[in-house]
Amino acid sequence: MNENYTNQNIPQVDEGQIDIMEYVKKLLKNWKFCLKWGCYSALVALILVIDLPKKFDSTATLAPEIVQKTGLSSSMSSLASLAGVNLSNLGPTMDAMYPDLYPKIINSDPFLVELFSMPVAVPQFRDEPVQTDLYTYYYEYRDGPWWGVIANFVLNAPLKALFWVKDQIKALITGEEEIEEGGYHNINPLKLTKEQEKILEAIRESISVSVDKKTGVITISARTQNAVISKQMCDKIVENLLTYVVRYRTEKARKDVAYYEGLAQEARDNYYAIQKKYAEYVDANHGLTRQSIRIEQERLQNETNLAFTLYNQVCQQLQMAEAKVQQETPVFTVVSPAVVANIGNPSRFKSLIILTFLFCCVGAAWVLFGDKAMEILADLKK
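These notes cover the structure that comes with them. Sequence order sets the numbering: in each chain, residues are counted from 1 along the sequence as written. Under the rules for a predicted model, residues below a pLDDT of 70 receive no local features and side-chain atom pairs below 80 are neither given nor counted, while totals for whole chains, interfaces and linings still include all residues. Side-chain numbers here rest on the full set of heavy atoms in the structure, without hydrogens or water.

## Notes on a nonpolar patch on the surface
Part 1 of the reasoning: Taken together, Phe 33, Trp 37, Val 362, Trp 366, Met 374, Ile 376, Leu 377 and Leu 380 make up a surface patch of nonpolar side chains, about 820 Å² in accessible area.
Part 2 of the reasoning: Examining the composition of the nonpolar patch, we find that six residues originate from one element, helix 13 (residues 348–381), more than from any other. Note on patches: the residues involved have over 30% relative accessible area and no salt bridge, like charges join within 9 Å, and the nonpolar side chains Val, Leu, Ile, Met, Phe, Trp and Tyr join within 5 Å. Shrake-Rupley sampling with a 1.4 Å probe provides the accessible areas, and residues are treated as covered by the protein chains on show and by no other component. Here, a salt bridge means any side-chain nitrogen of Lys or Arg that lies within 4 Å of a carboxyl oxygen of Asp or Glu. Secondary structure elements are defined from DSSP: runs of H or I of at least 4 residues count as helices, runs of E of at least 2 residues count as strands, and each element is numbered from the N terminus.

## Examining the sheet that holds strand 7 (residues 218–224)
Part 1 of the reasoning: Paired strands, in this sense, are two strands between which DSSP finds at least two bridges. Pairing in this open sheet of four strands is antiparallel, and the strands run 6-7-1-8 from one edge to the other. Each edge of the sheet is formed by a strand with only one pairing partner; in this case those strands are strand 6 (207–211) and strand 8 (332–336). Strand-to-strand twist across the sheet, computed as the mean angle between neighbouring axes with direction ignored, equals 25°.
Part 2 of the reasoning: Summarising the sheet, strand 1 (residues 56–64) and strand 8 pair through four bridges and their orientation is antiparallel. Counted as the bridge partner of Thr 61 is Ser 336 from strand 8. With axes taken as lines fitted to C-alpha atoms, and helix axes fitted only over the stretch in contact, angles between N-to-C directions fall between 0 and 180 degrees.

## Brief notes about the nonpolar core
Part 1 of the reasoning: Membership of the largest hydrophobic core comes to 37 residues, with the highest contact counts inside it found for Leu 134, Ile 203, Ile 207, Ile 220, Met 233 and Leu 241.
Part 2 of the reasoning: It is helix 10 (residues 227–249) that provides the largest number of residues to this core, a total of seven residues.
Part 3 of the reasoning: The contact partners of Met 233, leaving out residues within four places of it in the chain, are Met 118, Leu 134, Tyr 138, Ile 203, Ser 206, Ile 207, Ala 222 and Thr 224.
Part 4 of the reasoning: Ranked by size, the runner-up nonpolar core spans seven residues in total, among them Ala 264, Val 314, Ala 321 and Val 325. What makes a nonpolar core is a set of buried Ala, Val, Leu, Ile, Met, Phe, Trp, Tyr and Cys residues whose side-chain atoms join them at distances within 4.5 Å. The cut-offs for exposure are 20% and 50% of the maximum accessible area for each residue type, with area from a 1.4 Å probe on protein chains only; residues under the lower value are buried, those over the upper are exposed, and the others partly exposed. We call two residues in contact when some of their heavy atoms are within 4.5 Å.

## Digging into the packing of helix 7 (residues 134–141) against helix 9 (residues 194–205)
Part 1 of the reasoning: Here helix 7 crosses helix 9 at 95°, and the two axes come no closer than 10 Å. Looking at the two axes, helix 7 sits roughly perpendicular to helix 9. In this structure, helix 7 uses Leu 134, Tyr 135, Tyr 138 and Tyr 139 to contact helix 9, whose residues at the interface are Glu 195, Gln 196, Ile 199, Ala 202 and Ile 203.
Part 2 of the reasoning: Considering only residue class, the contact of helix 7 with helix 9 consists of seven nonpolar, one polar and one charged. Each angle is binned into one of four classes, with values under 35 degrees roughly parallel, values over 145 roughly antiparallel, values of 65 to 115 roughly perpendicular, and all other values oblique. Polar here means any residue other than Ala, Val, Leu, Ile, Met, Phe, Trp, Tyr, Cys and Pro, which are nonpolar, and Asp, Glu, Lys and Arg, which are charged; Gly is therefore polar.

And the structure:
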């Protein structure tokens, strides 16, 4: 019984279980290779990040007004009652422009296209800053690592040459030279050129928007190679977002104002015309006592009073509509405004550590699984 009890307490090793100690021993056995690979990895990572441009973040946080409409206020109801309108039966309505939609609004093409014309100042070495716009900054003044320039040339040069030859052949056949306009002037957000799409995607990658679902606080970040431009870009995004939301919230009320302004103008013109007609009739028949004249005078006076009453009611409705525009205008609280960053992020040292770690992981994977990989390749060749 003791032997059976002893055998039952021996831990059973699963055949599919990974033996970590075996992998550790294998790495220690090949420590010279791992050391050399680590040194080479650090050297290659250093070459890659030595010319990596710094990027500066600028962040702003907003606390928007969460609107749940519950009808008009008491002051609006009082003003409506003067015109004989009962607004007490209006039920609660929900606002469709809730903060969760703000990231989609900011990342939409029409919203980003509005940033193209934003004025920026690009500092130059030993020269005055160049005054330009955001589109030109992304197209001409951004720096890149040396390996990025080489990769871009190797990948894009053949395609550019091929398209150039294609355009030349098409021009010889049709006699019309196809010219693609550069820049963003007269831009159509629904039909962008290749150059405009490239700049648009670069700007979209530079922007980060997040919304705290519990508090509704919106965090907007912009990252560029210039700290001042990052702040200006973040401020412009906040400004355009507020303008967009205010325009959406007050669109219906502004249409009502325009409608009642037209009615008020028409009612005033009608009142002035009837009033003038009444005054001319009274002047022309002054001193006459015939009954028909008195009846016509009373009729014109009643029309004048009716026109004035209508004009007065329309003016009251116009005042209500103008007050509603102010009521519908949302209020945003800037919890933390955008500032000019002094430290670039990510730093070259951080990028060096990350790349070195990744290269070392590749070397360790080769030590652990390289033999099996070569065996599989040899079997495939057979």
